[in-house]
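Each chain, letter by letter, is given below.
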Amino acid sequence: MIEIRNLTKIYTVGDQRILALDNVSLTVKKGEIFGIIGLSGAGKSTLIRCVNMLERPTHGTIFVDGQEITALSEEELRVARQKIGMIFQHFNLLSSRTVFNNIMFPLEIARVPKKEARQRVQSLLEMVGLTDKADVYPAQLSGGQKQRVGIARALANRPSLLLSDEATSALDPQTTRSILELLRDINRRLGLTILLITHDMNVIKEVCDRVAVIDNSRIVEIGDVLEVFSNPQTPTARSFIGTVINREIPVELLHRPNGDSGGKTTRLVRVSFIGASAGEPIISSMIRQYDIEANILYGNIDRVKDTPFGNLALELIGSPDMIDSGLTYLRNRGLEIEVLRSD
Amino acid sequence: MIEILTGLISQESLISFWEANSWVPEALAVATWETIYMVAVSTFFAYVFGLPLGIILVTTSPGHVLENIRVNQVLGSIVNAVRSIPFIVFLILIIPFTRLVVGTYIGTVASIVPLTLAAIPFVARLVETSLKEIEWGLVEAALSMGASAWQVIYKVLIPEAMPSLSLGVAITTINLVGYSAMAGIVGGGGLGTLAYYYGYQRYEDLVMWSTVIVLIILVQSVQMLGDNLAARIAKKRR
Ligand SMILES: Nc1ncnc2c1ncn2[C@@H]1O[C@H](COP(=O)(O)OP(=O)(O)O)[C@@H](O)[C@H]1O
Ligand SMILES: [Mg+2]
């Protein structure tokens with residue numbers, strides 16, 4: 001759906017050059033919700049704004065739905081943009097228009113016949129649950145309601161792609177959840193591809209299928225959300241995950257003195273498990289099969305999108321061979337193992 | 001003022017006062033009408049030219065929908081140049097042009113030319129200020145939907161700036177009331193001429209003061225109308 005190749009963006013302010021995107025490549029598949037996370041100033045907005053050419057790339061090409069968006073004329077670009085919806089952190093609704101006419105706006109731009117346009121607005125209002133607010137001006141709406149209008153407006157021309165620039169960042173956690181649910185629902189029902197950027201790992205955790213971590217103008221990590229959550233490769237990804245899931249093993253545990261274990265060895269490992277395996281008694285069958293003692297030092301279970309996701313810190317005591325075999329057993333059953341300390 | 005008041009004390013003197021001044025109300029009415037006419041027509045034409053000019057000044061600025069730095073700089077300089085000429089000087093400066101257009105440079109119709117020309121850059125800057133207040137996010141939202149520059153202008157910038165634009169019309173009108181009085185001094189007609197010839201040159205206090213009162217009423221009414229209109233638009237959107 002989106003193919004970004006070697007995208008570089010340099011802003012020139014006076015005689016200063018700011019490298020906002022450094023050779024970024026990325027593919028977003030049709031029908032998925034793809035999240036880009038990064039700290040403020042990392043280059044997220046620049047990236048998403050290049051996709052509909054609100055920002056012109058310095059180098060690189062972008063394809064949207066097979067069309068090379070970076071090679072279009074002004075007129076072609078206007079037509080292409082009608083099929084790329086966008087929602088914003090501060091909603092950007094017109095204060096001079098009612099809710100109904102705000103949703104009409106993109107249909108006027110696309111010159112959709114009045115009668116059909118009205119019908120579409122009506123059904124969009126139903127979809128976002130704002131039928132009773134049709135004749136109200138945006139100033140009378142709450143943040144969540146404003147974003148619903150924003151979403152309805154973005155969908156009016158039946159786009160194949162929705163871009164979301166921090167759409168929930170101005171909302172409280174509860175409203176955020178309801179907006180994310182709406183996005184998820186639209187994604188499922190309409191098969192709409194969504195590219196969203198955020199600085200909030202909760203957003204990634206709640207709705208995204210895949211995620212890219214952007215740090216300092218570069219993409220440093222990319223993958224399925226579950227994969228990144230269970231096995232982050234970079235300090236940036238780890239610290240983002242740390243904001244929503246506690247993966248850190250308390251320091252006291254890491255440095256706990258070993259008791260006399262008489263020829264046996266002690267190893268501290270972290271086990272991460274995802275999905276179905278979280279429900280199976282894998283740990284206990286390992287203990288039975290391999291003659292290992294296990295202390296559960298710490299554990300938690302969370303949910304990433306709709307999948308259970310857990311972390312366990314285990315202290316394993318036994319002969320080194322037995323422990324190795326035990327860990328292999330766990331790995332073979334799809335668990336992620338990280339050895340934190342071994343004597 | 002004192003003279004007028006003491007003159008009113010006895011009925012006899014009241015009658016003779018009236019006889020001496022019975023021409024004033026009619027002269028005042030004619031002059032007021034001339035002023036309203038001059039100001040209304042020149043405000044109208046000032047917007048016919050100034051509104052597009054203001055829009056161009058905004059939209060050709062760097063990063064905007066019709067970005068064109070050269071056009072922006074040239075128009076900006078012209079606007080600034082005209083605005084820096086004091087109106088009374090401008091009035092005299094363009095007499096040849098006024099003659100060319102109207103055939104004369106004296107009278108109500110002739111005054112409309114300098115009034116309009118002086119107000120155009122003023123209106124352009126007012127419009128520019130109003131449109132610049134519009135959040136850039138709104139323009140971007142429209143662009144993201146595929147809006148053309150023209151659609152951004154007439155569907156976003158102008159409707160969003162409407163409260164501020166209508167205040168601008170009031171400010172322009174009030175300014176033109178003042179300018180028209182100046183034009184009156186060099187024979188432009190209206191309240192300015194009345195005040196100058198009868199009030200200043202002939203020391204007719206009654207004329208002088210009535211003119212001042214009419215001017216105050218005019219300016220107040222225009223301001224109230226403008227405020228009202230702006231408030232009504234803003235309130236509807238609240
Ligand atoms: N229009 C601009 N002009 C100059 N520099 C910009 C502009 N937009 C963004 N930048 C700079 O580019 C970098 C990335 O910004 P941005 O993409 O907005 O980051 P994010 O959305 O991740 O916070 C920042 O250093 C920012 O200051
Ligand atoms: Mg941003």
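In this text the structure is predicted, and so the values were computed from the model without any measurement. (Residues numbered from 1 in each chain as written. Chains lettered and ligands numbered in written order. Predicted model: local features only at pLDDT ≥ 70, side-chain atom pairs only at ≥ 80, totals over all residues. Heavy atoms only, no water.)

Caption draft 1: Broad picture of the domain arrangement of chain A. Residues and elements named next belong to chain A. Segmentation of chain A into domains returns domain 1 (2–241) and domain 2 (251–342). Each of domain 1 and domain 2 has a C-alpha centre, and the two are 40 Å apart. On the side of domain 2, 10 residues touch domain 1, which itself brings 12 residues to the contact. Between domain 1 and domain 2 lies a buried interface of about 890 Å² when both sides are counted; carbon and sulfur atoms form 61% of it. The largest per-residue losses of area from domain 1 upon contact with domain 2 belong to Lys205, Leu226 and Ser230, which jointly make up 60% of the total buried on that side. Seen at the junction of domain 1 and domain 2, the total is 0 salt bridges. Summed over the shared surface of domain 1 and domain 2, the result is 1 residue pair in polar contact (both at pLDDT 80 or more). Those elements that provide at least two residues to the side of domain 1 that touches domain 2 are helix H6 (173–190), helix H7 (201–207) and helix H8 (225–230). The residue inventory of the side of domain 1 that touches domain 2, partitioned by class, reads 5 nonpolar, 2 polar and 5 charged. (Domains from an automatic or database assignment. Contact = heavy atoms within 4.5 Å. Buried area = accessible area lost by both parts, 1.4 Å probe. Salt bridge = Lys/Arg side-chain N within 4 Å of Asp/Glu carboxyl O. Polar contact = N/O pair within 3.5 Å; in protein donor to acceptor, adjacent residues only side chain to side chain. Helix = DSSP H or I, 4+ residues; strand = E, 2+ residues; numbered from the N terminus. Nonpolar A, V, L, I, M, F, W, Y, C, P; charged D, E, K, R; others polar.)

Caption draft 2: Highlighting the sheet that holds strand E14 (residues 336–342) of chain A. All names here are of chain A. Taken in spatial order, the 4 strands of this open sheet run E12-E13-E11-E14, and their pairing is antiparallel. Where the open sheet ends on each side, the last strands, each with one partner, are strand E12 (293–304) and E14. Averaged over all adjacent pairs, the angle separating strand axes in this sheet is 15°, with direction ignored. Across 6 bridges, the pairing between strand E11 (residues 265–274) and E14 is antiparallel. (Pairing = 2+ DSSP bridges. Axes fitted to C-alpha atoms, helices over the stretch in contact; angles between N-to-C directions.)

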